[in-house]
Amino acid sequence: MLFHSFYRMLEEQRPQPRVDFETLRKIVDLHHVGVGKVTVRYFPDFDGAQPGHFIWLEEQRTSPYEEPFNDAEIGINSKYRNHAPLRRLIATKELMHVF
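Residues numbered from 1 in each chain as written. Predicted model: local features only at pLDDT ≥ 70, side-chain atom pairs only at ≥ 80, totals over all residues. Heavy atoms only, no water.

### Thoughts on a nonpolar patch on the surface
- Taken together, the side chains of F3, Y7 and F99 define a hydrophobic patch exposed on the protein surface, amounting to about 330 Å² of accessible area.
- Structurally, the position occupied by F99 is in the segment after α3 (84-95). (Patch = residues over 30% accessible without salt bridge, like charges linked within 9 Å, V, L, I, M, F, W, Y side chains within 5 Å. Areas by Shrake-Rupley, 256 points an atom, 1.4 Å probe, with all protein chains shown as cover. Salt bridge = Lys/Arg side-chain N within 4 Å of Asp/Glu carboxyl O. Helix = DSSP H or I, 4+ residues; strand = E, 2+ residues; numbered from the N terminus.)

### Focus on the side chain of E94
- Mapped onto the fold, E94 is located in helix α3.
- Not counting the four nearest positions on each side in its chain, E94 is found in contact with G52, H53, F54 and I74. (Contact = heavy atoms within 4.5 Å.)

### Some details on the nonpolar core
- Ranked by size, the top nonpolar core spans 18 residues in total, and within it F6, V28, V38, I74, I76, L95 and V98 carry the most contacts.
- Ranked by the residues each element gives to this core, the list is headed by helix α2 (residues 21-31), at four residues.
- Excluding its chain neighbours within four sequence positions, the residues that come into contact with V28 are M1, F6, V35, V38, L95 and V98. (Core = buried A, V, L, I, M, F, W, Y, C linked by side-chain atoms within 4.5 Å. Buried < 20%, exposed > 50% of the residue type's maximum accessible area, 1.4 Å probe, protein only.)

### Side note on the environment of R81
- Mapped onto the elements of the fold, R81 is located in the loop between β3 (69-77) and α3.
- For R81, a relative accessible area of 42% gives the class partly exposed.
- For R81 and F43, which are 38 residues apart along the polypeptide, the C-alpha to C-alpha distance reads 9.9 Å.
- With near-sequence residues (within four places) excluded, R81 lies in contact with Y42 and R87.

### Description of the packing of aromatic side chains
- One pass over the full model with this rule turns up four aromatic pairs.
- Residues F3 and F6 carry aromatic rings whose centres are separated by 5.7 Å and whose planes lie at 40 degrees to one another, so their mutual orientation is tilted. In this pair, F3 and F6 are both assigned in helix α1 (residues 3-12), three residues apart and thus about one turn of the helix distant.
- F6 gets classed as buried once you look at its relative accessible area, which sits at 6%.
- On the basis of an interplanar angle of 90 degrees and a centroid distance of 5.2 Å, the ring pair of F54 and W56 is categorised as edge-to-face.
- Residue classification places F54 among the buried residues on the basis of a relative accessible area of 15%.
- Across the ring face of Y42, the terminal group of R81 is positioned such that the distance to the ring centre comes to 4.0 Å. (Phe/Tyr/Trp six-rings, centres within 6.5 Å; stacked < 30°, edge-to-face > 60°. Lys NZ or Arg CZ within 6 Å of the ring centre and 35° of its normal.)

### Quick notes on the side chain of E73
- Considering the arrangement of structural elements, one finds E73 in strand β3.
- Only 2.9 Å separates the side chain of E73 from the side chain of R41, close enough to count as a polar contact.
- Leaving out residues up to four positions away in the same chain, E73 has contacts with T39, R41, H53, F54, I55 and L57. (Polar contact = N/O pair within 3.5 Å; in protein donor to acceptor, adjacent residues only side chain to side chain.)

### Points about the environment of W56
- Looking at where W56 falls in the secondary structure, it is placed in strand β2 (residues 52-60).
- Linking W56 and V35, residues 21 residues apart in sequence, is a C-alpha distance of 9.2 Å.
- The contact partners of W56, leaving out residues within four places of it in the chain, are G34, V35, N70, D71, A72, H97 and V98.

Read these as layout, nothing more, since geometry by itself doesn't imply function.
Here it is, written out as structure tokens:
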């Protein structure tokens, strides 16, 4: 899926002024070729820790005839667990890496 297709799918959902991260993640999970599933995890805060990170997990393939896909993981620094606006911003910024 190209970004403009992603944007059109989002428009079809008729989002409110604020778009929830879960809506974005569901579109990617269901429609982005090459992405199996995106999960979000918190990691402990430590000196020098970034607000978030994105990693591709190992390639998954259930059949030699299917296209390969990768699951992805978004990590969010646990110090933002109770700060919804920053948590949403960090998660959405990291989700951009699938494109």
